[in-house]
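Listed below, chain by chain, are the residues.
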Amino acid sequence: MAFLFRGRGRTNMIELAKQAREHVLRLDGPGGPAKADELAKVLNQMKIVLQGVPEYETTPEQVYSLVTGLIEEDLLLLLAQNLYRFPFEARKDTQVIFSCAFRFRLPTASPKTDPVALSYVVNNRPEVLLELCRGYDHKESATPAGSVLREVLKSEAAAAIILYDDGEAPGSSLKGVTAIDRDRPQTGNGIFWRFFEWIDKGLFEVAADAFNTFRELLTKHKELVPRYLSNNFDLFFDKYNTILVQSNSYVTKRQSIKLLGEILLDRSNYNVMTAYVDQGEHLKICMNLLRSDRRMVQYEGFHVFKVFVANPHKSVAVQKILLMNRDKLLNFLSHFLEDRLDDEQFVDEREFLIKQIKNMPQTPVPPTRYPQPV
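Residues numbered from 1 in each chain as written. Predicted model: local features only at pLDDT ≥ 70, side-chain atom pairs only at ≥ 80, totals over all residues. Heavy atoms only, no water.

A.B. asks: Explanation requested: the nonpolar core in the structure shown.
C.D. replies: Side chains that are nonpolar tend, in soluble globular proteins, to be buried together. With 122 residues, the main nonpolar core has Phe-102, Phe-192, Phe-195, Phe-214 and Phe-305 as its most contacted residues. Those residues in contact with Phe-102 that sit more than four places away from it in its chain are Pro-115, Ala-117, Leu-118, Val-121, Val-128, Leu-129, Leu-132, Val-148 and Val-152. (Core = buried A, V, L, I, M, F, W, Y, C linked by side-chain atoms within 4.5 Å. Buried < 20%, exposed > 50% of the residue type's maximum accessible area, 1.4 Å probe, protein only. Contact = heavy atoms within 4.5 Å.)

A.B. asks: Help me understand the packing of aromatic side chains in this model?
C.D. replies: Aromatic rings in a pair are described by how distant their centres are and how their planes are angled relative to each other. Here the structure, examined in full by the defined rule, presents 28 aromatic pairs. Ring centres of Phe-196 and Phe-214 lie 5.4 Å apart, and the angle between their planes is 75°; on these two criteria the pair is classed as edge-to-face. Within this pair, whereas Phe-196 is found in helix α11 (residues 194-201), its partner Phe-214 is found in helix α12 (residues 204-219), the two being separated by 18 residues in sequence. Phe-214 matches Phe-196 in its accessibility class, with the two residues each being buried. Ring geometry for Phe-233 against Phe-237: centres 4.9 Å apart, planes inclined by 55°, an arrangement best described as tilted. (Phe/Tyr/Trp six-rings, centres within 6.5 Å; stacked < 30°, edge-to-face > 60°. Helix = DSSP H or I, 4+ residues; strand = E, 2+ residues; numbered from the N terminus.)

A.B. asks: Would you mind showing me how to read helix α9 (residues 139-152) here?
C.D. replies: One turn of the α-helix equals 3.6 residues, which is why residues spaced by three or four share an orientation. Taking 1.5 Å of rise per residue, the 14 residues of α9 would be expected to cover 20 Å, and the 20 Å separating its terminal C-alpha atoms lies within 8% of that figure. Within α9, the axis deviates most sharply at Ala-145, by approximately 25°. For α9, every residue scored as buried is listed here: Ser-141, Ala-142, Pro-144, Ala-145, Gly-146, Val-148, Leu-149 and Val-152. For α9, the elements touching its buried residues are α6 (88-103), α7 (116-124), α8 (127-133), α10 (156-163) and α12. (Expected span 1.5 Å × (residues − 1). Bend = angle between axes of the 7 residues up to and from the residue.)

A.B. asks: What is the right way to look at helix α4 (residues 60-72) in this model?
C.D. replies: With 13 residues, α4 ought to run about 18 Å at 1.5 Å a step, and its terminal C-alpha atoms sit 18 Å apart, in line with that. Every buried residue belonging to α4 is among Gln-62, Val-63, Ser-65, Leu-66, Val-67, Thr-68, Gly-69, Leu-70 and Ile-71, and all of these are buried. In the stretch just after α4, Asp-74 is the one whose phi turns positive, near 55°.

A.B. asks: So what exactly am I meant to see when it comes to the packing of helix α18 (residues 295-310) against helix α21 (residues 344-358) here?
C.D. replies: A pair of packed helices can be characterised by two numbers: the angle between their axes and the separation between those axes. The geometry of α18 relative to α21 is characterised by a closest axis approach of 10 Å and an angle of 40° between their N-to-C directions. Between α18 and α21, the interaxial angle falls into the category oblique. Handedness of the α18/α21 crossing: left-handed. Of α21, the residues touching α18 (which contributes Tyr-299, Phe-302, His-303, Phe-305, Lys-306, Val-309 and Ala-310) are Phe-346, Glu-349, Arg-350, Phe-352, Leu-353, Gln-356 and Ile-357. Within the contact of α18 with α21, the residues separate by chemical class into nine nonpolar, two polar and three charged. (Axes fitted to C-alpha atoms, helices over the stretch in contact; angles between N-to-C directions. Parallel < 35°, antiparallel > 145°, perpendicular 65-115°, else oblique. Left-handed = near helix turned anticlockwise from the far one by under 90°. Nonpolar A, V, L, I, M, F, W, Y, C, P; charged D, E, K, R; others polar.)

A.B. asks: I'm lost on the side chain of Ser-173 in this one. Help?
C.D. replies: Relative to the helices and strands, Ser-173 is located in the loop between α10 and α11. The buried category is assigned to Ser-173, whose relative accessible area is 0%. A distance of 3.1 Å separates the side chain of Ser-173 from the backbone nitrogen of Asp-165, its partner in a polar contact. (Polar contact = N/O pair within 3.5 Å; in protein donor to acceptor, adjacent residues only side chain to side chain.)

See the structure below:
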């Protein structure tokens, strides 16, 4: 390690990045396992430079030189593509390298500017973020890639890169964040749509981590996401309801219903919420959740169901379903989740819904406010 700190110049750091690149590219060749061990040593040295240790304090100039080397050698992309192939400790070190690189700003830079590596990636090499998402294709890389993604998703530009990836289609994020056409509906072929598969079909640890990243994508940015959901409303909710809400996995089903409630009740998603609760088919799905044999699925389903019933401008389709099932619903709700009677908020909400359903007119009444287009 000492060689790193004998000469603290730019050349030393660039050489470190070049060594890492050469080792990654030779993983498939003769002596691949030996190259993996050598790569692990170099990655550990890079981590020390970026993170610093008490024995060897690094300078901002040294860190900047290494970050520049990561960019010039296109090493960020190579590391993301090959993360699953690295030894365990090397995967952990790579996670730290990404996190430190994506956070680093020169001391003279404004706090409002994007860090150097992150700015480069979202404008010139969005494939890095897409490849980090593909880390969910392998259980070995799911956790380190997911940790990096959730940290970088604090940036709206990074979130936009993932949401608006649509391959070579016009307006796709593949050309960089400034080339995105945010009003063009997605085809469903981009990286974001693979989260449904990773969450529903992945191994438990992969699915759990992918869901955490998926949730971060959909709840963090209050201007980006409502616009995205509005422009891709049918595609998104068809997949969400079919794959996640009705998943065969109890954990996936429960988490997805809870997240659906959070999305609908977020004020920034008001137009999305009104469009969702106007559709009778969505209400049918929700009513089936109330009849689940799993109490927590019933409970989370209740929080979505109440949005339909509490809506003062119910669509005719929703009114018809509620009126057709009024007597059954009133009887069902009066005994619904009786083990939660010590939960005052739940009891109050349940009584409110019973009252709303009981006081509905005998025949559907066209709403006075028509849903906003999404």
